[in-house]
Amino acid sequence: LYIAIGKMASQSEVIDRLRATFRSGVTFPEPFRMTQLQNLLSLVEENEQLIQDALHKDLHKPKFESVLSEIQITLNDLYFAMENLRTWMQPEYNIGKNLATRMDDCFIRREPLGVVLIIGAWNYPLHLILLPLVAAIAAGNCAILKPSEICQATEQLLAELIPKYLSQDCYAVLCGGAEDTKSLLKNKFDHIFYTGSQVVARSILLAAAPHLTPVTLELGGKSPCFIYGHIDIHKAAKRLCWSKFFNTGQSCVAPDYVLCTTQTRDALLPALRETLRTFYGPDPGASLDMGRIVTPRHWRRLMDMLEKSKGKVVIGGESREEDRYIAPTVLVDVQESDALMQEEIFGPILPILTIESLEEGIDYINRQEKPLALYVFSDETSVVTTVLNNTSSGGFCGNDGIVHMALPGLPFGGVGASGMGSYHGRWGFETFSHRRGCMNRSWLLERVNVLRYPPYSDYNLGWLRWATTFKKNSWGGCSVM
Amino acid sequence: MEMQVVQRARENFLAGRSRPLEFRVQQLKSLQRMITDRQGEIATALKQDINRSQYDTPLLELIGLENEISLAVSKLAQWAAPRPVEKSLLTISDQVYIQPEPLGVVLIIGAWNYPWALTLQPLVGAIAAGNAAVVKPSELSEYSASLLKALLPRYLDQELYPVVCGGVSETQELLRQRFDHIFYTGNSTVGKVVMEAAARHLTPVTLELGGKSPCYIDKDVDLRVACRRITWGKFVNCGQTCIAPDYILCEPSLQNRVVEGIRQTLLEFYGPDPKSSPDYGRIINQRHFNRVMALLDGYTAALGGQSDSSQRYIAPTVVKDVPPHARLMQEEIFGPLLPIVTVSDIDDAIHFINEREKPLALYVFSSIKKVIKRMLAETTSGGVTVNDVMMHYTLNSLPFGGVGQSGTGRYHGKHSFDQFSHHRACLVKSLGMERVNMPRYPPQNHQKARRVRLAMRTPLVDFSKGTYIWAVTASIVALGLLVALTVILILAAGVSCTCW
C-alpha cells in the first residue's frame, strides 16, 4: 500500500487533497490541534516496542538509546507542546506603541502557513521527523512526511501508523528514494523542513526558490570539542565518550574531533580507555550497548577515511564488515590536512588534534565552516567565555555533549553551512507559523490623522513628527508624559 | 571589483571591528547625523528621482528611519545581551541562555520606491546586530543611489559598510559572492533569482516583496473617513508603495458612494488639477509608466484617467466594476490606479482574497467587531491594518514582512536586530552533579533506563506553571498539616497555651 502512495502521480493528488483540507480551515482551531497531538502521543506510547524493534533492525540501535533519544524526546516535545499550545496560539498584545497609535489595538497573530513538507534523516529516523511534525501540527498546518528511505523498517512503520492515528486528510506519509523526493520538490509547499546533508540542502533551496518557499535546514558539520585548562579529566572523558559514541557517533551534534594540548592529551587517553572499558567492556563488538553503522556504504566511507588517515590509532581500530561494526577508535597526531578532517566524520572515530594555545584552536575553528555544535570542557570560566566570544556555532555546550538539544527552551538549529532556522519547543511553533502584525485603528483621533494628509505644510509636519517620534527612555514613546 | 569589496568587508568583520557595542552605537549615531545634516540633499535627490514632495520625504522615509536608529541606540545593550531561558530541575545549577551573535557579511539590496528607508532601515538592523554590510541601492532611483554612494563613506566605516552601485550585471556579480545573509526588497521575479543565488552558498534570505493588497469596505462604515484614509494610502508616492491598498472590495450598493468619497478627498488633497499640485508624485520611469497605462487599456475611468507621458504623470484614477479576470487584477498595480471589484458580502470577499496569492498587507474597514474578527481569522497576509491603511508599517514593535509570495522573514525595531543575528543556544554545565548523570552511561540495564526516563520526563524537564503551582500548594498543605500536628501534640502533652 505504501509503495503505491509513493508513485509520482499520487504525489500531487495527496498534496492537492491536503491543500483543500487546509483551505477549509479545519486545522486552525485549538481543539483540533490538541486532538491530533494527543493522537500522535498515543501513536508513540502504544507502539514503543514496534518502534524499538524497527530502530534495532535499521540501525542496531540499543534499546536504551531508542528510548532516550527517539521515544522520550518525542514524548517530551509532545507534552511541552500540548501544555503550552494555548499560550503559543494567543495573539501577542504586549507591544510598545507611540502617541499616534495609543488608541489602537496592536497585536501579533501567529497563523498557519499551509501545507508543509518535512524530510527526515536516517540517524534518528523517528524524532527527526516527528519533532518537526509536532511543531507543524501545533502551528495549525497540514504536513507531508518524507521519511529517510535508508531506514526501511522505520519508514514502513511510520507509513503504517501515521494514517492510523492522525487525520488522513491533513497529514500524509510519502515514501520513496531520491527520484521520488526530486519530483515531490517540484510541487509548491508553504514551508520545507529538511534534516540532512549540505549537498542535498542546496538542491532543496534551488527547488524552493521558484516557489519562494521558506526553508529550514538542519545540517551538520564538524563539531569541535575543546578540552582545555584545569579540568577533571575523568568526568570529562566520560561525558565526551558518551556524546561521541552514542548512536555509534552518527549524531549531527556529536563532538567530531578534540582540540587539546599535549599534556591534556596524555592525561585524556588513559581516561578514555578506562571509560570505554566501563561502558562497553573489553570487546565493544560484543556489547549490547554498542551500535552499528547504518549502511555498508557509510561503513566503507568511514573505513576509507580511517585508512587514508595519517594519524596514529591509539584506541580501537577494529572493524567487521559483516555487521558494519567499527570499534570506538581514537587517533592522535592528526593534522589539519588529514583525511579525517575534510568532512563530518559521523562515526565512532575520534581524532585528537594538539594545539599549543587556546588562540591556535580558536583560529583553527574559525578557518572552517560554522559547526552545528561547539563544546568546551574546562573548569576555567575564562576559557569558556573566550571560546564563546570568539567563535560561532549553531549551539554550544560547556562541560557536556549533546544534552543542550534536549532542553525544549533552547532553539536547535545551525548557522552558516550548518543550517538555517531552528526548532524544538516554542521555536518549532514559530518556525511553522507566520507572525502577522495587526493594527486595529480607532475611528477616533482623526484630527491627529489629518496632520498626515495633503496639502502638506511645515506646521503639520512638525506636530506629526512630535507625535510619532520614539523618545528615549519613554514608555513606548508617549511624549505627553 | 565587487569581489574585492566583499572580501575587504569580510576581512574587517573577521578582525572583529564591527562587534563592540560602542562601535555599533557610534556608527548608528553617525548614520543619524548623516540623515539630519543632509536632509536637503536627500529631498532634492528624491525630487529628481520620483518627484517626491519635500514633505513626503521626512514623512515617509526619514522619520521612520530616525525612529529606528533611536530605538536601536537606546536598546542595543538589551538586545545584544544573553537571553535567559526557562530552566528545569535537571539544569538548575547550569547556565542556560540564548546568545545573539552577528552573522558576518550581509548584502542589502534596496528598492527604488523609498530608496532611503528601504535601503537604510535594514542597514540599521545589520549594524546593530554587529555585522558588516554591503549596500546595493536600486539603480532605478539613480540620484538617490549616487548620493548614497557619496555620503555613506563619509559617515560610516568604509570598509565595513561599502556601497556598490550598478545595474543588473553588477547585482549578479554581487550575488555570485558568498554572504551570510541577503536582505532583498523588490519584486518576486528578482526575489526568486536572489533565492537561487543564495542557495548555492546555503545563505539565508529575507525577501520583502509585494502583491495585491486588498482593501475591503464593509457597509455601515463612516465612508468619509474611510475614503480619506484609503485615498491617502493609495496615491501617496503616486501609488508606488508595496503596502498601498491595491484594489477595493465592496458591495455594489457602496460603489458609487466610495467613488464620490474619493473624489471629494482628491479635491481636498491635490486640488482640481493634481498635475500642478506640489504634493503629487510621478512614475519612476518610462517603462513603469507604460506598464501602468497598459493596465488601463479598455477601461473607462470613473475618476481621473488623464496622463502626460513627458512628465510620467498619471492622474489619480479610479475604475468601477472591474471584473476579476481583468489585467488590472492580475499583477500588482504599483501606480495610481484604484480598481473597485464588487463582492456580494463578506463571505464572497474572503473567498476572493483566499483564491489569490497571500498579499503583503490586508485592509478592512468595518465598525462591526465580528466582521473584523472573521476577516483576520479566515485570511492571511504579511500584516494588517484595520480601519486605516499602511499604519502597521509605522509601529516598529510590529514585525514587518510578507508570507508566501509576498515574502519571507521580517524586520523593523527589534525584529531587524533578530533577523540579522544568529541565536546561539548555550548550555554551560558544571562538572558537578555527576551522580545525576550516571544513569545515562552504558552499560545499560532496566533500573538505569527507568531512572533516566523519569528524570527526562516533563514536567521535570520543563518547569511548567502547573508543576510550580502543584509544588507550592503541596508545600503549603504539608506545612499546614505539620503545624496542625505540632499543635495537637502540644495540647495532648497538656501544655497550656494562652494563645488558644
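Conventions and cut-offs
Residues numbered from 1 in each chain as written. Chains lettered and ligands numbered in written order. Predicted model: local features only at pLDDT ≥ 70, side-chain atom pairs only at ≥ 80, totals over all residues. Heavy atoms only, no water. Helix = DSSP H or I, 4+ residues; strand = E, 2+ residues; numbered from the N terminus. Rg over C-alpha atoms; globule rule 2.2 N^0.38 Å. Buried < 20%, exposed > 50% of the residue type's maximum accessible area, 1.4 Å probe, protein only. Contact = heavy atoms within 4.5 Å. Areas by Shrake-Rupley, 256 points an atom, 1.4 Å probe, with all protein chains shown as cover. Lys, Arg positive; Asp, Glu negative; His and termini not counted. Charge placed at Lys NZ, Arg CZ, Asp CG, Glu CD. Salt bridge = Lys/Arg side-chain N within 4 Å of Asp/Glu carboxyl O. Axes fitted to C-alpha atoms, helices over the stretch in contact; angles between N-to-C directions. Parallel < 35°, antiparallel > 145°, perpendicular 65-115°, else oblique. Left-handed = near helix turned anticlockwise from the far one by under 90°. Nonpolar A, V, L, I, M, F, W, Y, C, P; charged D, E, K, R; others polar. Pairing = 2+ DSSP bridges. Phe/Tyr/Trp six-rings, centres within 6.5 Å; stacked < 30°, edge-to-face > 60°. Lys NZ or Arg CZ within 6 Å of the ring centre and 35° of its normal. Patch = residues over 30% accessible without salt bridge, like charges linked within 9 Å, V, L, I, M, F, W, Y side chains within 5 Å. Disulfide = S-S within 2.5 Å. Buried area = accessible area lost by both parts, 1.4 Å probe. UniProt positions renumbered as here; feature names shortened; annotations may be inferred. Expected span 1.5 Å × (residues − 1).

**Some remarks on the overall build of chain B**
- Counting its secondary structure elements, chain B contains 17 helices and 16 strands.
- Taken over C-alpha atoms, the radius of gyration comes to 29 Å for chain B, far larger than the 23 Å a tight globule of 500 residues would show.
- Seen along its three principal axes, the alpha-carbon backbone of chain B occupies a region of about 105 × 60 × 50 Å.
- Out of the 500 residues belonging to chain B, those deemed buried represent 61%.
- In chain B, once contacts between residues fewer than 6 apart in sequence are set aside, the share between residues at least 24 apart is 72%.
- Approximately 19,700 Å² of chain B is accessible, and the part contributed by carbon and sulfur atoms is 57%.
- Looking at charge distribution, chain B has the averaged site of its 53 positive side-chain charges lying 8 Å from that of its 46 negative ones.

**Observations regarding the overall build of chain A**
- In terms of helices and strands, chain A carries 17 helices and 17 strands.
- The C-alpha extent of chain A, read off along each of the three principal axes, is 85 × 60 × 40 Å.
- Residues counted as buried form 65% of the 481 residues belonging to chain A.
- Sequence-distant contacts in chain A: of pairs separated by 6 or more residues, those separated by 24 or more amount to 72%.

**Remarks on the pattern of salt bridges**
- Under the defined criterion, the tally for this structure stands at 53 salt bridges over all chains.
- Lys429 of chain B serves as the salt-bridge partner of Asp94 of chain B, at 3.7 Å between the closest nitrogen and oxygen. Of this pair, Asp94 of chain B sits in the loop between strand S1 (83–84) and strand S2 (95–102) while Lys429 of chain B is found in the loop between strand S16 (421–428) and helix H15 (434–437), placing the two residues 335 residues apart along the sequence.
- A relative accessible area of 14% places Lys429 of chain B in the buried class.
- Its salt-bridge partner being Glu101 of chain B, residue Arg424 of chain B comes within 2.7 Å of it at the nearest N-O pair. Of this pair, Arg424 of chain B sits in strand S16 while Glu101 of chain B is found in strand S2, placing the two residues 323 residues apart along the sequence. For the pair formed by Arg424 of chain B and Glu101 of chain B, the shared burial category is buried.
- One network of salt bridges, with partners in common, ties together Glu92, Arg110, Arg426, Glu430 and Arg435 of chain A.

**Describing the packing of helix H2 (residues 21–37) of chain B against helix H6 (residues 142–155) of chain B**
Residues and elements named next belong to chain B.
- Where H2 meets H6, the axes come as close as 9 Å, and the angle between the chain directions of the two elements is 135 degrees. Comparing their axes, H6 and H2 come out oblique. Relative to H6, H2 is oriented so that their crossing is right-handed. Here Ser30, Leu31, Arg33, Met34 and Asp37 of H2 lie close against H6, whose contacting residues are Leu148, Leu151, Leu152 and Tyr155.
- Taken together, the residues of the contact of H2 with H6 break down into 6 nonpolar, 1 polar and 2 charged.

**Examining the sheet that holds strand S15 (residues 395–398) of chain A**
- Here 10 strands make up an open sheet; going across it, the order is S9(A)-S12(A)-S13(A)-S8(A)-S7(A)-S14(A)-S15(A)-S16(B)-S2(B)-S1(B) and the pairing mixed. Looking at which strands have only one partner, the edges of the open sheet turn out to be strand S9 (312–315) of chain A together with S1 of chain B.
- Sheet analysis places S15 of chain A next to S16 of chain B, joined by 4 bridges and oriented parallel. Looking at S16 of chain B, one finds that Cys397 of chain A is bridged to Leu427 of chain B.

**A word on the pairing of strand S14 (residues 373–377) of chain A**
Residues and elements named next belong to chain A.
- With respect to burial, S14 is a largely interior element, 5 of its 5 residues being buried.
- Neither face of S14 is exposed, since Ala373, Tyr375 and Phe377 on one face and Leu374 and Val376 on the opposite face are all buried.
- Pairing geometry for strand S7 (residues 224–227) and S14, over 3 bridges, is parallel. Following the sheet pairing, Ile227 is matched in S14 by Phe377.
- Direction of pairing for S14 relative to S15: parallel, over a ladder of 4 bridges. If you follow Val376 over to S15, its bridge partner there is Gly398.

**Details of the packing of aromatic side chains**
- Summed over the entire model, instances satisfying the criterion amount to 23 aromatic pairs over all chains.
- Arranged with centres 5.4 Å apart and planes meeting at 85 degrees, the rings of Trp112 of chain B and Phe334 of chain B form a pair that is edge-to-face. Within this pair, whereas Trp112 of chain B is found in the loop between strand S3 (105–109) and helix H5 (117–128), its partner Phe334 of chain B is found in the loop between strand S11 (317–319) and strand S12 (337–342), the two being separated by 222 residues in sequence.
- What makes Phe334 of chain B buried here is its relative accessible area of 16%.
- Summarising the aromatic geometry, the rings of Phe183 of chain B and Tyr411 of chain B are spaced 4.8 Å apart at their centres and angled 75 degrees between planes, so their arrangement reads as edge-to-face. Remark: Tyr411 of chain B occurs in the loop between strand S15 (407–408) and helix H14 (414–419) and Phe183 of chain B occurs in strand S5 (residues 181–185); sequence separation between them is 228 residues. Accessibility classification places Phe183 of chain B together with Tyr411 of chain B in one group, the buried group.
- A network of ring pairs unites the aromatic residues Tyr453 of chain A together with Phe269, Tyr270, Tyr280 and Tyr313 of chain B as a single cluster.
- Directly above the aromatic system of Phe352 of chain B lies the positively charged group of Arg356 of chain B, at a separation of 3.7 Å from the ring centroid.
- Over the ring of Trp242 of chain A we find Arg440 of chain B, and its NZ or CZ is 3.9 Å from the ring centre.

**Topic: a negative patch on the surface**
- A contiguous patch of negative charge on the surface is contributed by Glu356, Glu359, Glu360 and Asp363 of chain A.
- Tracing the backbone through its elements, the reader meets Glu356 of chain A in the loop between strand S13 (349–354) and helix H13 (358–367).

**Topic: the sheet that holds strand S7 (residues 214–217) of chain B**
- On the basis of which strands lie adjacent, the open sheet formed by 8 strands has the order S1(A)-S17(A)-S14(B)-S13(B)-S7(B)-S8(B)-S12(B)-S11(B) and mixed pairing. The strands lining the two open edges of the sheet, one partner per strand, are strand S1 (105–112) of chain A together with S11 of chain B. Averaged over all neighbouring strand pairs, the angle between strand axes comes to 20 degrees, with direction disregarded.
- The pairing of strand S8 (residues 247–250) of chain B with S12 of chain B spans 3 bridges and is classified as parallel. Bridge pairing in S12 of chain B places Ile248 of chain B opposite Ile340 of chain B.

**With respect to a nonpolar patch on the surface**
- Judged by side-chain polarity, Leu479, Leu482, Val483, Leu485, Val487, Leu489 and Leu491 of chain B come together as a nonpolar surface patch covering roughly 640 Å² of accessible area.
- For Leu489 of chain B, the location among the structural elements is in helix H17 (residues 465–492).

**What to know about the state of the cysteines**
- In the structure shown here, the tally under the stated rule is 0 disulfides over all chains.
- No disulfide involves Cys225 of chain A; its nearest neighbouring cysteine sulfur is the one of Cys260 of chain A, lying 9.0 Å away.

**Describing the interface of chain A and chain B**
- Each side of the interface is counted separately: chain A has 109 residues, and chain B has 114 residues.
- Contact between chain A and chain B buries roughly 9,400 Å² in total, counting both sides, with carbon and sulfur atoms accounting for 59%.
- Among the residues chain A hides against chain B, the three largest losses belong to Leu212, Trp443 and Tyr456 of chain A. Together they make up 10% of the total.
- In this assembly, chain A and chain B are joined by 7 salt bridges.
- For the salt bridge of Asp388 of chain B with Arg441 of chain A, the shortest nitrogen-to-oxygen distance reads 2.9 Å.
- Per-element accounting of the side of chain A that touches chain B gives the leading share, 11 residues, to helix H5 (residues 63–89) of chain A.

**Topic: the UniProt feature "active site" (unreviewed entry) in chain B**
Residues and elements named next belong to chain B.
- The UniProt record marks Glu208 and Cys242 with the feature "active site" (unreviewed entry), using the residue numbering of this structure. The annotated residues occupy 35 residues of the chain but converge on a single region, no pair of C-alpha atoms lying more than 9.0 Å apart.
- If sequence neighbours within four positions are ignored, Glu208 has contacts with Phe183, Tyr184, Thr185, Gly186, Phe400, Gly401, Ser406, Gly409, Arg410 and Tyr411.
- Contact partners of Cys242, with chain neighbours within four places excluded, come to Asn113, Leu209, Ser213, Glu332, Phe334 and Leu360.

**Comments concerning helix H9 (residues 223–235) of chain B**
Residues and elements named next belong to chain B.
- Spanning 13 residues, H9 covers 17 Å between terminal C-alpha atoms, matching the ideal 18 Å at 1.5 Å per step.
- In terms of burial, H9 is largely enclosed, as 12 of its 13 residues are buried.
- Taken residue by residue, H9 has Leu223, Val225, Ala226, Cys227, Arg228, Arg229, Ile230, Thr231, Trp232, Gly233, Lys234 and Phe235 as its buried positions.
- Asn237 sits one or two residues past H9 and shows a positive phi near 55 degrees.

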